[in-house]
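Spelled out, the chains give:
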Amino acid sequence: PICLIIFIFMGCEGADNAPPSLHKRLVKHHSLITEGKTGAARVRLRQYMEKYGETSHPLFLMGLSFHSEKRYAKSVEWLTKSTIDPDNQYPLAWHFLGWSQFYLGDIASAQFSFEQFLQKHPEEPDSMFALGLLALERGELQEAEALFLTVIKLAPKNKMISAKATARLADVMVERDDWQHAIHGYKDALQQNPNLYEAWYRYATALKRLGKMDEAEQALAHFEEARKRVRPDLYQQTR
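What follows covers the packing of helix H12 (residues 197-209) against helix H13 (residues 213-230). In contact at an axis separation of 8 Å, H12 and H13 are set at 170° when each is read in the N-to-C sense. What the angle tells us is that H12 and H13 run roughly antiparallel. Packed against H12, whose contacting residues are Tyr197, Trp200, Tyr201, Tyr203, Ala204, Leu207 and Lys208, the element H13 presents Met213, Glu215, Ala216, Ala219, Leu220, His222, Phe223, Ala226, Arg227 and Val230 at the interface. Of the residues belonging to the contact of H12 with H13, the class tally is 13 nonpolar, one polar and three charged.

This brings us to the environment of Leu136. Locating Leu136 in the fold gives a position in helix H8 (residues 125-137). What Leu136 contacts, discounting residues up to four positions off in sequence, is Leu141, Ala144, Phe148, Asp171, Val172 and Glu175.

What follows concerns the packing of helix H10 (residues 159-175) against H12. Direction vectors running N to C along H10 and H12 enclose 30°, while the axes themselves pass 10 Å from each other. Comparing their axes, H12 and H10 come out roughly parallel. Helix-helix and strand crossings are classified by hand; for H10 and H12 the assignment is left-handed. Taking contact as the criterion, the partners of Ala167, Arg168 and Asp171 in H10 are, on H12, Glu198, Ala199 and Arg202. Here the contact of H10 with H12 is composed, by residue class, of two nonpolar, no polar and four charged.

Close approach of charged atoms lets side chains of opposite charge pair. Evaluation of the coordinates by the stated rule reveals eleven salt bridges. For Asp171, the salt bridge is made with Arg168, and the minimal N-O distance between the two is 3.0 Å. Remark: Arg168 and Asp171 occur in helix H10; sequence separation between them is three residues, near one turn of the helix. According to the relative accessible area criterion, Arg168 is partly exposed, its value standing at 22%. A salt bridge links Arg202 to Glu198; its shortest N-O distance comes to 4.0 Å. Remark: Glu198 and Arg202 occur in helix H12; sequence separation between them is four residues, near one turn of the helix.

Taken as a whole, this structure holds 13 aromatic pairs when the rule is applied. Aromatic side chains Trp99 and Phe102 sit 5.6 Å apart centroid to centroid with 80° between the ring planes, which places their arrangement in the edge-to-face category. With Trp99 and Phe102 both in helix H6 (residues 92-103) and three residues apart, this pair spans about one turn of that helix. Here Trp99 matches Phe102 in class, with each residue buried. Cluster of aromatic residues (ring-pair linked, three or more members): Tyr72, Trp99, Phe102, Tyr103 and Phe114. For Arg42, the ring lying beneath its charged end belongs to Phe66, and the centroid distance is 4.1 Å.

Attention now moves to H8. The terminal C-alpha atoms of H8, which comprises 13 residues, lie 18 Å apart, in line with the 18 Å expected from a rise of 1.5 Å per residue. Extensive coverage of H8 is indicated by the burial of twelve of its 13 residues. Those residues of H8 lying buried are Pro125, Asp126, Ser127, Met128, Phe129, Ala130, Leu131, Gly132, Leu133, Leu134, Ala135 and Leu136. The N-cap residue of H8 is Glu124: its side-chain oxygen and the backbone nitrogen of Asp126 are 2.8 Å apart. Positive phi appears at Gly139, one or two residues downstream of H8, with a value of about 80°.

The rules behind each value
- Residues numbered from 1 in each chain as written.
- Predicted model: local features only at pLDDT ≥ 70, side-chain atom pairs only at ≥ 80, totals over all residues.
- Heavy atoms only, no water.
- Axes fitted to C-alpha atoms, helices over the stretch in contact; angles between N-to-C directions.
- Helix = DSSP H or I, 4+ residues; strand = E, 2+ residues; numbered from the N terminus.
- Parallel < 35°, antiparallel > 145°, perpendicular 65-115°, else oblique.
- Contact = heavy atoms within 4.5 Å.
- Nonpolar A, V, L, I, M, F, W, Y, C, P; charged D, E, K, R; others polar.
- Left-handed = near helix turned anticlockwise from the far one by under 90°.
- Salt bridge = Lys/Arg side-chain N within 4 Å of Asp/Glu carboxyl O.
- Buried < 20%, exposed > 50% of the residue type's maximum accessible area, 1.4 Å probe, protein only.
- Phe/Tyr/Trp six-rings, centres within 6.5 Å; stacked < 30°, edge-to-face > 60°.
- Lys NZ or Arg CZ within 6 Å of the ring centre and 35° of its normal.
- Expected span 1.5 Å × (residues − 1).
- Polar contact = N/O pair within 3.5 Å; in protein donor to acceptor, adjacent residues only side chain to side chain.

Here you go:
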């Protein structure tokens, strides 16, 4: 969700708040993006840049508008422009650039982008979570485990981040064939956030592996219900 831009620093307080240090003239542009009015936001941003120039802040918002539409190639194009000048960067651009690169499968570039962001905000849990995913992608299980545990430690009161880090920690256990601990991990994550539909599916798979077929069927039912809630578009495509 686009409220992540605020959530990273301020707990997703609301769409009318500007992200950290964003120019006050751009608050409305940001609000349009959070409301899903990305086309209108881009029209205004182009007008802004014609008047004030292509500085890092409007370039960042252009990239963010495409990121919110899952148009990650375009997002990378604009977010990269926002980070080129070392004396005129909007640090949060590195975070969203990293996620866009991650979704495009550009693992090395994503690693670099998240590391750049964490240089400015070394204890920001969502970027650290991303580094854990990248480590898991490379099969570096010890590193992934350490990063996910750090995320949980950094965000003890934030169930959203803690839950997804706990679920991914369970994925590490699966890679190690430690199915019992994996089951406990998925169960803990889903108690914190029952909307993690992918975790429900992996939980069901782990239960099947241990022969707990009735519990696995219940977990699959929860998976379907959660997916309908969170991603009705996927449910319609499946049908």
